Amino acid sequence: MAGSDNKKAVRDYISRMPSLPVTVSKVLEVCNNPKTSPIDLDKVIQLDPVLMGRVLKLINSAYYGLGTQVTSLARAIIMLGINTVKNLALSTAVIDRFVDKGAFHALNMDGFWRHSLCVGVTAKHLAKRRGVEPTLIEEYFAAGLLHDIGKIPLNNALASEYVRTMALADHERIPLFLAEKRVLDLDHSEAGFVVAESWKFSGAIADAIAFHHTHESYHGDHGDVVRTVAIANYFANREGIGFSGNRYPDKPGPEVYGLLDMEKSMLEEIEDQVQADIEKAKVFLKLGA
Ligand SMILES: [Fe+2]
Ligand SMILES: [Fe+2]
């Protein structure tokens, strides 16, 4: 297929993808308003009992590890902050749209989600270690969890071409996104950007999806999240945790660590914690089961 045909096939696939529940779009909308109060967010989530149940389940799971049972959503929002609850709601809604729903051709689904969870958990731990403000931490997880979402339309809309793309990346020992550019004339961060647009994602999550492989040229407001996700992605691929089709990942240079004011050794320090937390974060994959 020519590059323009590939782009059209991917755009068509994305336009047919199930949209996010209305409540989640509403959650994103109210949270974009700086004047939103915990009561406003509580009201919106209350409209969707399934979403409310999932958010409470996540907050009370080993993943969140609060150590105390929270049964009221309003209380949870006050305790954890609007931003945290927004990111939990968003992560669970997106996962629900995809887990067990798509036929995975080139990518193996379990491997893909394990990679995604690993990037989310790693990004979150790096943020914590670096002293990022607690209400922002969950954004690092959500951005990491969703960073490769653009691989789903490539994998499903261009199945046989994507198998060839992965074979080329392996054969030439190049990062997958470069092989995608060569074979398909479009990479998963571009496809991810279209998904993010169609679901009206904005801010750090949308930018991490679109720029995690081109972070050197990123000059937006969310460089901290974008670069953290890039490092977490490199880590997950290097360690072979999960599978994302990227055996020869792009390696962030020392300047990226410098911009985040972190030592590379931090990755080794959090390794055991990351492995343990991936198991806990699997709750995200099981909520809809
Ligand atoms: Fe990626
Ligand atoms: Fe990735």
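Within each chain, residue numbers correspond to sequence positions counted from 1 in written order. A letter from A marks each chain and a number from 1 marks each ligand, given out in the order of writing. Local features in this predicted model are restricted to residues whose pLDDT is 70 or higher, and side-chain atom pairs enter the listing and the counts only when it is 80 or higher, whereas totals over whole chains, interfaces and linings include all residues. Think of the side-chain values as coming from all heavy atoms in the structure, minus any hydrogens and water.

A word on the coordination of the iron ion (ligand 1). Only Asp148 (OD), His188 (NE2), His212 (NE2) and His213 (NE2) from the protein coordinate the iron ion (ligand 1), and they sit 2.1 to 2.3 Å from it. Counted as coordinating are nitrogen, oxygen and sulfur atoms within 2.8 Å of the metal, or 3.2 Å for Na, K and Ca, while water is not included, which may make sites look incomplete. Site shape is set this way: if four donors have all angles between 85 and 135 degrees, tetrahedral; if opposite donors are over 155 degrees apart and all others between 65 and 115, square planar for four donors and octahedral for six; otherwise irregular. Taken together, the 4 donor atoms surrounding the iron ion (ligand 1) define angles of 87 to 174° at the centre, an arrangement classified as irregular. All donors to the iron ion (ligand 1) come from one chain, and their sequence spacing reads D-x39-H-x23-H-H.

This part is about the pattern of salt bridges. Think of a salt bridge as a Lys or Arg side-chain nitrogen and an Asp or Glu carboxyl oxygen that are within 4 Å of each other. Scanning the entire structure with this criterion turns up 18 salt bridges. For glutamate 268, the salt bridge goes to arginine 238, with nearest N and O atoms at 2.7 Å. Taken as a pair, glutamate 268 in helix H16 (residues 265–281) and arginine 238 in helix H14 (residues 223–239) lie far apart in primary sequence, 30 residues in all. Overall, the relative accessible area of 43% leaves glutamate 268 in the partly exposed class. To qualify as a helix, a DSSP run of H or I must reach at least 4 residues; to qualify as a strand, a run of E must reach at least 2; elements of each kind are numbered from the N terminus. Residue burial is assigned from relative accessible area. The probe radius is 1.4 Å, only protein chains are included, and a residue is buried under 20% of its type maximum, exposed over 50%, and partly exposed in between.

On to the nonpolar core. General note: in soluble globular proteins, nonpolar side chains tend to be found buried as a group. We define the nonpolar core as a collection of buried residues of types Ala, Val, Leu, Ile, Met, Phe, Trp, Tyr and Cys that are connected through side-chain atoms lying within 4.5 Å of one another. By size, the foremost hydrophobic cluster in this structure holds 95 residues, and its most contacted members are Val94, Trp113, Ile149 and Phe201. Among the elements that line this core, the one with the most residues is helix H7 (residues 109–129), at 10 residues. How far each domain reaches was decided by an automatic or database domain assignment. Built from parts of two domains, this core gets at least three residues from each of domain 1 (1–17 + 103–289) and domain 2 (19–100). Only heavy atoms matter for contacts: two residues are in contact if any of them lie within 4.5 Å across the pair. Filtering out sequence-adjacent residues up to four positions away, valine 94 remains in contact with Leu20, Leu146, Ile149, Trp199 and Phe201.

Turning our attention to the environment of arginine 238. Taking relative accessible area as the criterion, arginine 238 reaches 38% and is therefore assigned partly exposed. Sequence spacing of arginine 238 and glycine 120 is 118 residues, and the spatial spacing of their C-alpha atoms is 15 Å. In the analysis that follows, any N or O atom pair within 3.5 Å is treated as a polar contact, provided that within protein one partner can donate a hydrogen and the other can accept it, and provided that, for residues neighboring in sequence, both atoms belong to side chains. At a separation of 2.8 Å, a polar atom in the side chain of arginine 238 contacts the side chain of glutamate 239. Within the structure, arginine 238 has its side chain in polar contact with the side chain of glutamate 268 (distance 2.7 Å).

By the secondary structure assignment, glutamine 46 is in helix H3 (residues 38–46). The sequence separation of glutamine 46 and alanine 74 amounts to 28 residues, and the corresponding C-alpha distance is 9.5 Å.

Let us look at the coordination of the iron ion (ligand 2). Here the iron ion (ligand 2) is held by His115 (NE2), His147 (NE2), Asp148 (OD) and Asn233 (OD1), and the distances to it run 2.1 to 2.2 Å. Classification of the site at the iron ion (ligand 2) as irregular follows from its 4 donor atoms and the range of 88 to 174° in their angles at the metal. Each donor residue of the iron ion (ligand 2) belongs to the same chain, with the gaps between them written as H-x31-H-D-x84-N. Between the iron ion (ligand 2) and the iron ion (ligand 1), a separation of 3.7 Å is found, and both are coordinated by aspartate 148. Pair noted here: aspartate 148 is in the loop between helix H8 (134–146) and helix H9 (151–157) and asparagine 233 is in helix H14, with a separation of 85 residues, a long-range link. A single burial state applies to aspartate 148 and to asparagine 233, both of which are buried.

Attention now goes to the packing of aromatic side chains. Pairing of aromatic side chains requires ring centres within 6.5 Å, counting the rings of Phe and Tyr and the six-membered ring of Trp. Pairs whose planes differ by under 30 degrees are stacked, by over 60 edge-to-face, and all others tilted. Enumeration over the complete set of coordinates arrives at 7 aromatic pairs. Consider the rings of tyrosine 63 and phenylalanine 141, whose centres lie 5.1 Å apart with planes at 50°: the pair is tilted. Here the residue tyrosine 63 occupies a position in the loop between helix H4 (49–59) and helix H5 (73–80), and phenylalanine 141 occupies one in helix H8, the gap between them amounting to 78 residues. As far as the burial class goes, tyrosine 63 and phenylalanine 141 line up, both buried. Here a set of aromatic residues connected by ring pairs shows up, and it is made of Tyr63, Tyr64, Phe141 and Phe284.

Turning our attention to the domain arrangement of the protein. For interface size, the figure often reported is the accessible area lost on association. Assigned domains within the protein: domain 1 (1–17 + 103–289) and domain 2 (19–100). When each unit is reduced to the centre of its C-alpha atoms, the spacing between domain 1 and domain 2 is 23 Å. Opposite the 27 residues of domain 1 that make contact, domain 2 presents 26 residues. For the pair domain 1 and domain 2, the summed buried surface comes to about 2400 Å²; carbon and sulfur atoms form 70% of the total. Along the contact surface separating domain 1 from domain 2 lie 1 salt bridge. At the boundary of domain 1 and domain 2, one finds 6 residue pairs in polar contact (both at pLDDT 80 or more). Where the side of domain 1 that touches domain 2 is concerned, the elements lending two or more residues are H7, H8, H16 and helix H17 (283–286). Ranked by residues supplied to the side of domain 1 that touches domain 2, first place goes to H8 with 9 residues. Of the residues contributing to the side of domain 1 that touches domain 2, the split by class is 19 nonpolar, 3 polar and 5 charged. Two parts placed together each lose some accessible area; with a 1.4 Å probe, that loss summed over both constitutes the buried area. Ten residue types, Ala, Val, Leu, Ile, Met, Phe, Trp, Tyr, Cys and Pro, are classed as nonpolar, four, Asp, Glu, Lys and Arg, as charged, and the remainder, Gly among them, as polar.

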